[in-house]
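# Inside the fold
Each chain is listed here by its residues.
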Amino acid sequence: MTEFMRQPFGVTADGQAVDQWTMRAGQYVAQVLTYGGVLRSFTVPAPGGDRDIVLGYDSLAEYEAQDKYLGALVGRVANRIGGAAFDLNGVHYPLAVNNGPNCLHGGLRGFDRAVWEAKLDNDTLVLTHVSPAGEEGFPGTLEVTVTYALTVDGVLSLDYQAKSDADTLCNLTNHSYFNLLGHAYGSLEGQQVEIRADAITETDADSTPTGVLLPVEGTPFDLRSPRDFLQGLAMEHPQLTLGNGYDHNFVLRTAPVSPLEPVARVTGGGLCLECCTTQPGLQLYTANYLDGSPGKEGASYGPRSAFCLETQAWPDAIHHTNFPSVVLPAGETYHHTTTYRVTMT
């Protein structure tokens, strides 16, 4: 049985009220904001006492001011669209340029900036958002539902669904930053990562996929066995140089029919985080561009102080016919599920 508590979290600069929902299941507690669908905290039982392993902020104003997507739901299209434009059904759609020459995470005001509607449904928190046709340049009115659930055995699940009244693009994810030693620890020291992938999508100097699938064998991206984050980051490889660290889409082996089989695992500080997904890709990001700004409780969030496991379709898929499609046909339902399970080792 999950317990829920709702409390005000502030008012946006344009006057929208934002709530914080606290979900408690046994010893596990997650806090979710209606602003951006943000996972603000995830407190878990750990050696020495309860530990919050998700980076975040103490105030709504800080969330509005930051541009690092801490904890947020991102869309319509997570990750990069090269050239900030695409063609669909013979129509050219220019998009906002907000990451070099690219459109990143849905544009200037993506879903991370939206105030979502929230309601309870049995033991879940259901967030909904309607993105009107033309918003950030995308066609079709897109209705989105993201359902958060938390269980007593440490499983935090996100179930994503969307439907459009016209052909459009859709690729949704969550951009939480984790540190198993605690959100304020400031380093990935002593944490190991494992990802079930034989290749990554190679990127260029603008972090846009080239269309080439680069085998991980013999590279810092070979995470098929556990590797210490800091050891991998210290290795020399052109892709690490271009990304200033890990900021790459891992081509997952055939996605499981159910999201019960882990595709990624991180251990450290007496904890294990397992990520399961029905998506074909996972963006491993080592917080390379955090700038040391203060976070919750005055913590300093600097470069490589956390990791993201962003389950997704492959970046820039609309421009690569060899990538799984991100086109959502009118009337069809987009659906995927991702879970994060945290246990003591």
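One structure accompanies this document, and this report is about it. (Residues numbered from 1 in each chain as written. Predicted model: local features only at pLDDT ≥ 70, side-chain atom pairs only at ≥ 80, totals over all residues. Heavy atoms only, no water.)

### Section: the sheet that holds strand 5 (residues 51-52)
- With respect to topology, 5 strands assemble into an open sheet ordered 1-2-3-4-5, the strand pairing being antiparallel. In the strand order of this sheet, the two ends are held by strand 1 (3-11) and strand 5, each with one partner.
- Pairing of strand 1 with strand 2 (residues 17-25), which is carried by 8 bridges, proceeds in the antiparallel orientation. Bridging across to strand 2, Glu3 finds its partner in Arg24. (Pairing = 2+ DSSP bridges. Helix = DSSP H or I, 4+ residues; strand = E, 2+ residues; numbered from the N terminus.)

### Description of the packing of aromatic side chains
- All told, the structure shown has 13 aromatic pairs when counted by the stated rule.
- Centre to centre, the rings of Phe229 and Phe307 are 5.4 Å apart; their planes meet at 25 degrees, and the pair counts as stacked. Taken together, the residues span a long stretch of sequence, with Phe229 in helix 2 (residues 229-233) and Phe307 in the loop between strand 26 (300-301) and strand 27 (308-312) at a distance of 78 residues. As far as the burial class goes, Phe229 and Phe307 line up, both buried.
- Measuring from centroid to centroid gives 5.1 Å for Trp314 and Phe323, while their planes differ by 80 degrees, and the two rings are edge-to-face.
- Under the relative-accessibility criterion, Trp314 is labelled buried at 9%.
- The exposure class of Phe323 is buried, given its relative accessible area of 5%.
- An aromatic cluster of three or more residues is present, and its members are Phe178, Phe229, Phe307 and Tyr340. (Phe/Tyr/Trp six-rings, centres within 6.5 Å; stacked < 30°, edge-to-face > 60°. Buried < 20%, exposed > 50% of the residue type's maximum accessible area, 1.4 Å probe, protein only.)

### Brief notes about the pairing of strand 24 (residues 281-285)
- Strand 24 sits mainly inside the fold: 5 of its 5 residues count as buried.
- Side chains Gly281, Gln283 and Tyr285 project from strand 24 onto one buried face, and the interleaved Leu282 and Leu284 project onto a second face that is buried too.
- Both strand 21 (residues 247-252) and strand 24 contribute to a ladder of 5 bridges, which runs antiparallel. Counterpart to His248 in the pairing with strand 24 is Leu284.

### With respect to the nonpolar core
- Judged by nonpolar contacts, the single largest core of 59 residues is most densely connected at Phe42, Ile53, Tyr148, Ile195 and Leu309.
- Those residues in contact with Ile53 that sit more than four places away from it in its chain are Phe42, Val44, Tyr177, Phe178, Asn179, Leu180, His183, Leu271, Leu273 and Val342.
- In terms of nonpolar packing, the next biggest core, distinct from the first, is built from 20 residues, Tyr57, Val115, Leu290 and Cys308 among them. (Core = buried A, V, L, I, M, F, W, Y, C linked by side-chain atoms within 4.5 Å. Contact = heavy atoms within 4.5 Å.)

### Brief notes about the environment of His248
- Positionally, His248 belongs in strand 21.
- With a relative accessible area of 1%, His248 lands in the buried category.
- Linking His248 and Pro315, residues 67 residues apart in sequence, is a C-alpha distance of 9.3 Å.
- Other than its neighbours up to four places away in sequence, His248 contacts Ile200, Thr203, Phe221, Gln239, Gly243, Leu282, Gln283 and Leu284.
- In this structure the side chain of His248 is engaged in a polar contact, spanning 3.2 Å, whose partner is the side chain of Gln239. (Polar contact = N/O pair within 3.5 Å; in protein donor to acceptor, adjacent residues only side chain to side chain.)

### Details of the sheet that holds strand 13 (residues 142-150)
- Read across the open sheet, the 9 strands follow the order 11-12-13-14-29-23-22-17-20; overall the sheet is antiparallel. Looking at strand neighbours, the two that pair on one side only are strand 11 (117-121) and strand 20 (227-228), the edges of this open sheet.
- Where strand 23 (residues 271-277) meets strand 29 (residues 333-344), 7 bridges bridge the pair, whose relative direction is antiparallel. By the bridge assignment, Thr277 is partnered in strand 29 with Thr338.

### Comments concerning unusual backbone geometry
- In the segment running from Gly75 into Arg76, the intervening peptide bond is cis, with an omega of 10 degrees.
- As for its placement among the helices and strands, Arg76 is situated in the loop between strand 6 (73-74) and strand 7 (80-81).
- At Glu136, a residue that is not glycine, the phi angle is positive and equals roughly 55 degrees.
- With phi around 55 degrees, Glu297 is a residue other than glycine that occupies positive phi space.
- With respect to the secondary-structure elements, Glu297 resides in the loop between strand 25 (293-294) and strand 26.

### Examining the pattern of salt bridges
- On inspection of all chains with the given rule, the structure shows 13 salt bridges.
- Residue Arg224 pairs with Asp198 through a salt bridge whose shortest N-O separation is 3.4 Å. Taken as a pair, Arg224 in the loop between strand 19 (209-215) and strand 20 and Asp198 in strand 18 (residues 197-203) lie far apart in primary sequence, 26 residues in all.
- Salt-bridge contacts for Glu217 lead to Arg224; the nearest nitrogen and oxygen are separated by 2.5 Å. (Salt bridge = Lys/Arg side-chain N within 4 Å of Asp/Glu carboxyl O.)

### Side note on the pairing of strand 3 (residues 28-33)
- The buried fraction of strand 3 amounts to 6 of the 6 residues, a majority that puts the element mostly inside the structure.
- Residues of strand 3 alternate between two faces, with Tyr28, Ala30 and Val32 on one and Val29, Gln31 and Leu33 on the opposite face, all of them buried.
- Across 6 bridges, the pairing between strand 2 and strand 3 is antiparallel. Following the sheet pairing, Trp21 is matched in strand 3 by Val32.
- Linking strand 2 to strand 3, which pair antiparallel, is a turn of 2 residues; within it Gly26 sits at a positive phi near 65 degrees.
- Hairpin connection between strand 3 and strand 4 (residues 39-44): a loop of 5 residues separates the two successive antiparallel strands, and Gly36 in this loop has a positive phi of roughly 70 degrees.

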